[in-house]
Amino acid sequence: MALIASKSIQILEGYKIRNYLNLILALLLFWPLGIAQAQEQQPDGPIYIVQAGDTLWDIAQQFGVSMDDLIAENGIADPGQLAVGARLVIPGLEGIQGLLITATVPYGENLKSLSRRYQISDQYIARLNHYTSPGEIYAGSTLIVPETESDDTPVGVGRVTLRLGQSLLELAITHDTAPWNLMLENQTPGLSAIIPGETLYLTGRENDNDGPGALPEAISAVETSSPLIQGQTLSIELTTPEGASLQGHFHDQNLNFFRTDAGTYAALQGIYAMLAPGLYPVTIEGQLADGTPLNFSQQVYVRDGNYAYDPPLVVDSETTDAHNNEVESEQWFSLVEPVTSEKLWDGAFQSPVPAYFSECFPSLFGNRRSYNESGYEYFHSGLDYCGSTGTDIYAPAPGKVIFIGELTVRGNATVVDHGWGVYTAYAHQSEFLVAEGDQVETGQLIGKVGVTGRVTGPHLHWEVIVGGVQVDPLQWLQQTFP
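Let me begin by describing the structure that accompanies this report. Since the structure is predicted, the reported quantities are computational estimates derived from the model, not experimental observations. Along each chain, residues carry numbers from 1 onward, in the same order as the chain's sequence is written. Since the coordinates come from a predicted model, pLDDT governs what is reported: local features require at least 70, and pairs of side-chain atoms require 80 or more to be given and counted, while whole-chain, interface and lining totals use all residues. Calculation of side-chain values draws on the structure's entire complement of heavy atoms; hydrogens and water are dropped beforehand.

## A closer look at the overall build of the protein
Alright, step 1. Numbering of helices and strands runs from the N terminus; a helix is a DSSP stretch of H or I covering at least four residues, while a strand is a stretch of E covering at least two. Secondary structure summary: the protein contains 9 helices and 26 strands in total.
Alright, step 2. Here the protein holds 482 residues, and the buried ones make up 45% of them.
Alright, step 3. Restricting the contact set of the protein to residue pairs at least 6 apart, pairs at least 24 apart contribute 68%.
Alright, step 4. Note on areas: Shrake-Rupley with a 1.4 Å probe; residue coverage comes only from the protein chains shown. Total accessible area computed for the protein in this model is approximately 24300 Å², and 52% of it derives from carbon and sulfur atoms. We call a residue buried when its accessible area falls under 20% of the maximum for its residue type, exposed when it is over 50%, and partly exposed in between, using a 1.4 Å probe and counting protein chains only. A contact between two residues is defined here by any heavy atoms of the two lying within 4.5 Å.

And the structure:
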């Protein structure tokens, strides 16, 4: 009897062991299938990879979706614990596949050029970025586009331009393709929709990927200063062969382009210190060396300068009289209106005062001001340097003296033309040491600090004027312009 019981126990244990082994074998056999099925069950849609510093709120705001939808779509248990590198499906974008990446929109692009560059429809771009109009694509804005993970991605996308007098057939033959291929790749409704000067894209090319997509192929690069801020200088530089004839506009100011020593075309323009922050058009037009017409406009964003408020000032009432200020302003800005074609300076400007005063500023450019209990309706149009009566004043760069005289507000003042519409001015002087028509060099002694005009004590009021607009002189001391 004991022997039978012992055998039964052995048989039972054998069954247990065999069942355990069979379970392990089953798991090993079907484990890959389980992973594959789980992967196949992942939600369909575009993917965003979490970056360092990302929060769920940031991601939801970036893609214009709610946090609740983002959490539900991805089964997120703890919204506060996002792992860098995690892949999130962005809801509400059905039909769009691939990794979502962000890029900064440069000057020289529009909805059509971006669609052609990334080889996706403009409707997709609009859905991804929640655009309601093409005007929302401004220089400096963030663009979201899908990046395909397929190995079949074209080698590159290159720009070609239909030149004046050139047929689409000729352009196609030149680039070893067919006219209908150009039409299909660039999503054009017909041959007549492609006009001279328009930039098209050809896939499979390895050149010119980084050129401005909405500008002709002959313009290989365009650079603009960024960010744009009240009271700063807007700089635009185009790389294109010599022989172009260019002009343009920023807001209500003309842009004057000049050929640089580096072989580019550059324009400089001041941004008014009290211009309301917001979007403003920058337009470039003219004709390139090969005869290609150019007419392009794009919005740029001007930021607030966040200028401080100076303490209220008490000054001679004659210097705040509305009529006196109007007359002087008219004279002052007529002096700096001419734009001479010769660029006289090279590199950053130097301090106009001795080294021991070069970082002593009683008042910075752009500071909002109140005179004699007025509202803060004025701004400081220059940079004030410390000094005492008789302190030396030096030329910060080569130029030509175009004005010496006594004014009500600025007192004894000197104006120097540096070319390309760039001027410097020196106010409240006690003594002039140059004359109108003189050519001055960097570091040359040109005057003495004084206490003339609208002042509360001796100092140098130094202005930099670009394109008829006063700008922050510190920018010209710290930065080199073309």
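## Some remarks on unusual backbone geometry
Alright, step 1. Each neighbour pair has its own omega, and for Ser226 with Pro227 the value is -5°, a cis peptide bond.
Alright, step 2. Note on placement: Pro227 falls in the loop between β7 (221-224) and β8 (228-229).
Alright, step 3. With phi around 55°, His251 is a residue other than glycine that occupies positive phi space.
Alright, step 4. Note on placement: His251 falls in the loop between β10 (245-250) and β11 (253-256).
Alright, step 5. In this structure His251 comes out as partly exposed when scored by relative accessible area, which is 36%.
Alright, step 6. Even without glycine at this site, His428 takes up a positive phi of about 70°.
Alright, step 7. Note on placement: His428 falls in strand β22 (residues 422-432).

## So, the nonpolar core
Alright, step 1. Nine residue types can take part in a nonpolar core, namely buried Ala, Val, Leu, Ile, Met, Phe, Trp, Tyr and Cys, and a core is a set of them joined through side-chain atoms within 4.5 Å. Judged by nonpolar contacts, the single largest core of 31 residues is most densely connected at Leu268, Trp345, Leu460, Trp462 and Trp476.
Alright, step 2. Elements represented by at least two residues in this core include exactly β13 (265-270), β18 (383-385), β20 (399-407), β22, β24 (445-449), β25 (460-466) and α9 (473-478).
Alright, step 3. When residues in this core are grouped by element, the largest group, 4 residues, is from β25.
Alright, step 4. Every residue in contact with Trp462, bar those within four places of it in the chain, is listed here: Phe349, Gln350, Pro352, Gly382, Leu383, Tyr385, Pro396, Thr424, Ala425, Tyr426, Pro473 and Leu477.
Alright, step 5. By size, the runner-up hydrophobic cluster in this structure holds 27 residues, among which are Ala139, Phe250, Leu255 and Val282.

## Quick word on the sheet that holds β11
Alright, step 1. What the 5 strands build is an open sheet, ordered β8-β15-β14-β10-β11; its pairing is mixed. For this open sheet the edge positions go to β8 and β11, each flanked by a neighbour on one side alone.
Alright, step 2. Judged from the 4 bridges that link them, β10 and β11 form a sheet pairing that is antiparallel. Residue pairing in the sheet places His249 in a bridge with Asn254 of β11. Only strands joined by at least two bridges in the DSSP assignment are considered to pair.

## Considerations on the packing of helix α2 (residues 56-63) against helix α3 (residues 67-74)
Alright, step 1. All axes are obtained by fitting lines to C-alpha atoms, using only the stretch in contact for helices, and the reported angles, taken between N-to-C directions, cover 0 to 180 degrees. Running from N to C, α2 and α3 point in directions that differ by 105°, and their axes come no closer than 9 Å. The angle between the axes of α2 and α3 places the two elements in the roughly perpendicular class. Judged by residue contacts, Leu56, Trp57, Ile59 and Ala60 of α2 engage Met67, Leu70 and Ile71 from α3.
Alright, step 2. Residues are grouped as follows: Ala, Val, Leu, Ile, Met, Phe, Trp, Tyr, Cys and Pro are nonpolar; Asp, Glu, Lys and Arg are charged; every other residue, Gly included, is polar. Class assignment of the residues belonging to the contact of α2 with α3 gives a composition of 7 nonpolar, no polar and no charged. Put simply, angles under 35 degrees are roughly parallel, angles over 145 are roughly antiparallel, angles from 65 to 115 are roughly perpendicular, and the rest are oblique.

## Quick look at the packing of aromatic side chains
Alright, step 1. Working definition: rings of Phe, Tyr and Trp (its six-membered ring) pair if their centres are within 6.5 Å, and the pair is stacked with planes under 30 degrees apart, edge-to-face with planes over 60 apart, and tilted otherwise. Inspection of the entire model under this criterion finds 18 aromatic pairs.
Alright, step 2. Both rings, one in Tyr48 and one in Phe63, keep their centres 5.3 Å apart while their planes meet at 65°; by these two values the pair is edge-to-face. Here Tyr48 is found in strand β1 (residues 47-49), whereas its partner Phe63 is found in helix α2, with 15 residues between them in sequence. Taken as a pair, Tyr48 and Phe63 share a single burial class, namely buried.
Alright, step 3. Ring geometry for Tyr371 and Tyr378: centres 5.1 Å apart, planes at 75°, overall edge-to-face.
Alright, step 4. Of the residues examined, Tyr371 reaches a relative accessible area of 7% and is grouped as buried.
Alright, step 5. A relative accessible area of 24% places Tyr378 in the partly exposed class.
Alright, step 6. What links up through ring pairs into an aromatic cluster is the set Phe258, Trp345, Phe349, Trp420, Trp476 and Phe481.
Alright, step 7. Definition used: whenever NZ (Lys) or CZ (Arg) falls within 6 Å of the ring centre and also within 35 degrees of the ring normal, the charge is taken to sit over that ring. In this structure, Lys343 is placed above the aromatic ring of Trp420, and the distance from its NZ or CZ to the ring centre is 5.9 Å.
Alright, step 8. Over the ring of Trp332 we find Arg410, and its NZ or CZ is 4.2 Å from the ring centre.

## With respect to the sheet that holds β13
Within a sheet, adjacent strands bond to each other through the backbone by hydrogen bonds, running parallel or antiparallel.
Alright, step 1. Taken in spatial order, the 4 strands line up as β7-β9-β13-β12 in an open sheet, and their pairing is antiparallel. The open sheet has two edge strands, β7 and β12 (258-259), and neither has a second partner.
Alright, step 2. The sheet contact formed by β7 and strand β9 (residues 233-239) spans 4 bridges and is antiparallel. The partner of Thr224 across the bridge, within β9, is Ile236.

## Some words on the environment of Ile404
Alright, step 1. Along the chain, Ile404 turns up in strand β20.
Alright, step 2. When the C-alpha positions of Ile404 and Tyr426 are compared, they lie 9.8 Å apart, and in sequence the two are 22 residues distant.

## Topic: the environment of Val105
Alright, step 1. Structurally, Val105 can be placed in the loop between β3 (99-104) and α4 (111-118).
Alright, step 2. In this structure the C-alpha to C-alpha distance between Val105 and Ala139, which are 34 residues apart in sequence, comes to 5.2 Å.
Alright, step 3. Those residues within four positions of Val105 in sequence are excluded, and the remaining contacts are Ile137, Tyr138, Ala139, Gly140, Ser141, Leu143 and Gln298.

## Points about the pattern of salt bridges
Alright, step 1. For this analysis, a salt bridge means a side-chain nitrogen from Lys or Arg found within 4 Å of a carboxyl oxygen belonging to Asp or Glu. This model, assessed by the stated rule, comprises 9 salt bridges.
Alright, step 2. The shortest N-O distance in the salt bridge between Glu198 and Arg116 comes to 3.0 Å. With Glu198 in the loop between α7 (179-185) and β6 (199-203) and Arg116 in helix α4, this residue pair connects regions lying 82 residues apart in the sequence.
Alright, step 3. The buried category is assigned to Arg116, whose relative accessible area is 3%.

## Describing helix α5 (residues 122-129)
Alright, step 1. Of the positions making up α5, those classed as buried are Ile125, Leu128 and Asn129. Seen from one end, α5 has its buried residues packed into an arc of 85°, which puts them on one side.
Alright, step 2. Among the structural elements, β3, α4 and β4 (142-147) are those in contact with the buried residues of α5.
Alright, step 3. Looking one or two places after α5, you find His130, whose phi comes out positive at around 55°. Working note: the arc is built from the helix axis to C-beta atom directions.

Function cannot be read off these values alone, since they describe shape.
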